Amino acid sequence: MAASLTAKQIRDGEGLHTEFKAGVRTLDTIARSVCAFLNTLGGTIFCGIADDGSVVGIQDAEAERAWLEPRLQAAITPRALFTISVELIHGKPVVVIEVPEGKDRPYVHAGAVFVREQSISRAADARMLRTLVQGEAAQLDRWERRPSLALEFDDLDSAEIETTVEEAGASGRFSFAEPGNRRAVLSALGMLTPTGLTNGADVAFAREPSRRHPQCRIRVLRFESDKGGDAYLDDRWFEGPLVRAFESAFEALSGQVRIQSYFPAGQVRREDRPQYASEALREGLVNAVAHRDYAAFSGGVTISIYPGRIEIWNSGRLPSELRPQDLRKVHPSIPTNPDISHILYLRRLMERIGRGTEKIVSASKELGAQPPRWTDRPSGVTLTIFAAQGAKGLALELNSRQLRLLRELNLGEQVSANDYAQSVATEVSDRQARRDLSQLEEAGLLIRHGAARSTHYERTDQEL
């Protein structure tokens, strides 16, 4: 679906939010358009598309992307969030530059301020400059740019800063003038200002940001039934620097996804299919972390896992320009926390800003699941991702932990509950680990021997 939406955007031609370039080596003209999109309402530049909309492609597109990105970053002042990726359109590689509406306007290229009018990027006149400057004054007070008054340099996790520099350099997404200087790196990221370290630096790089900002935590709940309520099987909190907290929460979420094993009609070969598309869950959690309302102490991100659906809630709100139904199609990108989002991009967790929702829809559709649903309420935004419908001939559902155990055990080999919990089911509670083994026993895949602490399970000769 994401590819079809992109193709439609190209078919619609150049306009206020879209521009075509045949190649990537016209750095000056591309930078003007990026600058104009940042200063106006955002947009997309497709490199590898002729003026008439025909797809000509880019030879060695990944190398060209790597050449373009650092030069384009250096050509725009102040530092701005935009993403550059390679996408196949009609079988040909195209370099796609996604530019959101900027939060630190006016943006400048080559000493001039550019704006977008219809399908043209032009230098701003005096009236437009006044409008941009007035708008900038309203943006300066956003939460991620405010000083984190209790944060000291000793509170920062140096390893997280170093990893960000390394990954940004390896991918070509950002080039730091002084990569070994923490102050210079944080300043380049907009997280160290004359007034000190910012809240954004606290979220991204502090060892314990939740001590000052409890809303940085991520909660993962697993409920016993689809009805919700208070009957849950697991309840865990994840905290720490931004990317580490994200990765820990996503690992816990992935560990709860069950694998459906079934025999399609007319076939004798078993097929395994996850209940949820990993890409959809990943994008959903990235969006929640990027767009939550960090200014609210009562805010945060909560993942609620039900037997038939997963709900990812964050305390943010959709911009007034967007409605939940807009998220299913091409829509303008309006990042709530661009500095924090930039870290997610540099760490390769965010590929194309503004297109994550399309990935969620597309991945769910490919798996045969019900379309995802977004709801926007005063309490926050909730994304609901539905489990894939059980295929005809479904025999049993196994999670990734259970499948790993069965693949490691040969006929007649045994495992104790304690060994399973410590070597395979490390990311879940002991109670859930025991439930895993009981389900395998009920399915006839394991035989239980002994009782209490001496309980162990033997692999049977029953096939999956």
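Residues numbered from 1 in each chain as written. Predicted model: local features only at pLDDT ≥ 70, side-chain atom pairs only at ≥ 80, totals over all residues. Heavy atoms only, no water.

Engineer: If you had to explain the overall build of the chain to someone new, which residues and values would you point to?
Structural biologist: Within the chain, the secondary structure is distributed over 14 helices and 21 strands. Over its C-alpha atoms the chain spans a radius of gyration of 25 Å, differing by no more than 12% from the 23 Å that the globule rule assigns to 464 residues. Long-range contacts, defined here as pairs at least 24 residues apart, represent 68% of the contacts in the chain between residues at least 6 apart. Summed over its atoms, the accessible surface of the chain is roughly 20700 Å², and 49% of this surface lies on carbon and sulfur atoms. The averaged location of the 63 negative side-chain charges in the chain is 3 Å from the averaged location of its 59 positive side-chain charges. (Helix = DSSP H or I, 4+ residues; strand = E, 2+ residues; numbered from the N terminus. Rg over C-alpha atoms; globule rule 2.2 N^0.38 Å. Contact = heavy atoms within 4.5 Å. Areas by Shrake-Rupley, 256 points an atom, 1.4 Å probe, with all protein chains shown as cover. Lys, Arg positive; Asp, Glu negative; His and termini not counted. Charge placed at Lys NZ, Arg CZ, Asp CG, Glu CD.)

Engineer: Tell me about the sheet that holds strand 10 (residues 218-223), and please be specific about residues and values.
Structural biologist: Pairing in this open sheet of six strands is mixed, and the strands run 11-10-14-15-17-16 from one edge to the other. Each of the sheet's edge strands pairs with one partner strand only, and the pair in question is strand 11 (232-238) and strand 16 (373-377). Neighbour to neighbour, the strand axes of the sheet diverge by 15° on average, direction disregarded. Looking at chain direction, strand 10 and strand 14 (residues 301-305) are connected through five bridges and run parallel. In the sheet register, Leu221 faces strand 14, and the bridge partner there is Ser304. In the packing of helix 8 (residues 242-255) onto the sheet, contacts are made with strand 10, strand 11, strand 14 and strand 15 (309-314), and the angle to strand 11 comes to roughly 165°. Sheet strands in contact with helix 9 (residues 278-291) are strand 10, strand 14, strand 15 and strand 17 (380-386), and its direction is about 15° off that of strand 15. (Pairing = 2+ DSSP bridges. Axes fitted to C-alpha atoms, helices over the stretch in contact; angles between N-to-C directions.)

Engineer: Go over the side chain of Arg79 with me, naming the residues and quoting the values.
Structural biologist: For Arg79, the position within the fold is in the loop between helix 3 (61-75) and strand 3 (83-89). Here the side chain of Arg79 touches Leu189 through a polar contact of 2.9 Å, landing on its backbone oxygen. Of the polar contacts made by the side chain of Arg79, one reaches the side chain of Asp339; its length is 3.0 Å. With near-sequence residues (within four places) excluded, Arg79 lies in contact with Gln73, Tyr107, Arg145, Phe174, Ala188, Leu189, Gly190, Asp339 and His342. (Polar contact = N/O pair within 3.5 Å; in protein donor to acceptor, adjacent residues only side chain to side chain.)

Engineer: Explain the packing of helix 8 against helix 9 residue by residue, including any values.
Structural biologist: It is at 11 Å that the axes of helix 8 and helix 9 come closest, and there the two elements cross at 145°. Between helix 8 and helix 9 the crossing geometry is right-handed. Touching Leu242, Phe246, Ala249, Phe250 and Leu253 of helix 8 are Ser278, Leu281, Arg282, Leu285, Val286 and Val289, all from helix 9. Its residues placed into classes, the contact of helix 8 with helix 9 shows nine nonpolar, one polar and one charged. (Left-handed = near helix turned anticlockwise from the far one by under 90°. Nonpolar A, V, L, I, M, F, W, Y, C, P; charged D, E, K, R; others polar.)

Engineer: Explain the sheet that holds strand 21 (residues 456-459) to me, using residue names and the numbers behind them.
Structural biologist: With antiparallel pairing, the three strands of this open sheet are ordered in space as 19-21-20. Either end of the sheet is taken by a strand with one partner, and the two such strands are strand 19 (414-416) and strand 20 (446-449). On average, adjacent strands in this sheet sit at an angle of 30° to one another, irrespective of strand direction. Note that strand 20 and strand 21 share four bridges and pair antiparallel. Among the inter-strand pairings, Ile447 is bridged to a residue of strand 21, identified as Glu458.

Engineer: Give a description of the pairing of strand 6 (residues 112-117) that names residues and reports values.
Structural biologist: The side chains of a regular strand alternate, first on one face of the sheet and then on the other. Looking at chain direction, strand 5 (residues 108-109) and strand 6 are connected through two bridges and run antiparallel. Following the sheet pairing, Val108 is matched in strand 6 by Val113. From the end of strand 5 to the start of strand 6, which pair antiparallel, there are two residues, and Ala110 there has a positive phi angle of about 55°. The hairpin formed by strand 6 and strand 7 (residues 120-123) contains two residues between the paired strands, and Gln118 there has a positive phi angle of roughly 55°.

Engineer: Kindly report on the packing of helix 2 (residues 27-39) against helix 3, identifying the contributing residues and their values.
Structural biologist: Running from N to C, helix 2 and helix 3 cross one another at 60°; their axes reach a closest spacing of 10 Å. The orientation of helix 2 relative to helix 3 falls into the category oblique. Along this stretch, helix 2 crosses helix 3, giving a crossing that reads as right-handed. In contact with Leu27, Ile30, Ala31 and Val34 of helix 2, helix 3 contributes Trp67, Leu68, Arg71, Leu72 and Ala75. Class assignment for the residues of the contact of helix 2 with helix 3 results in eight nonpolar, no polar and one charged. (Parallel < 35°, antiparallel > 145°, perpendicular 65-115°, else oblique.)

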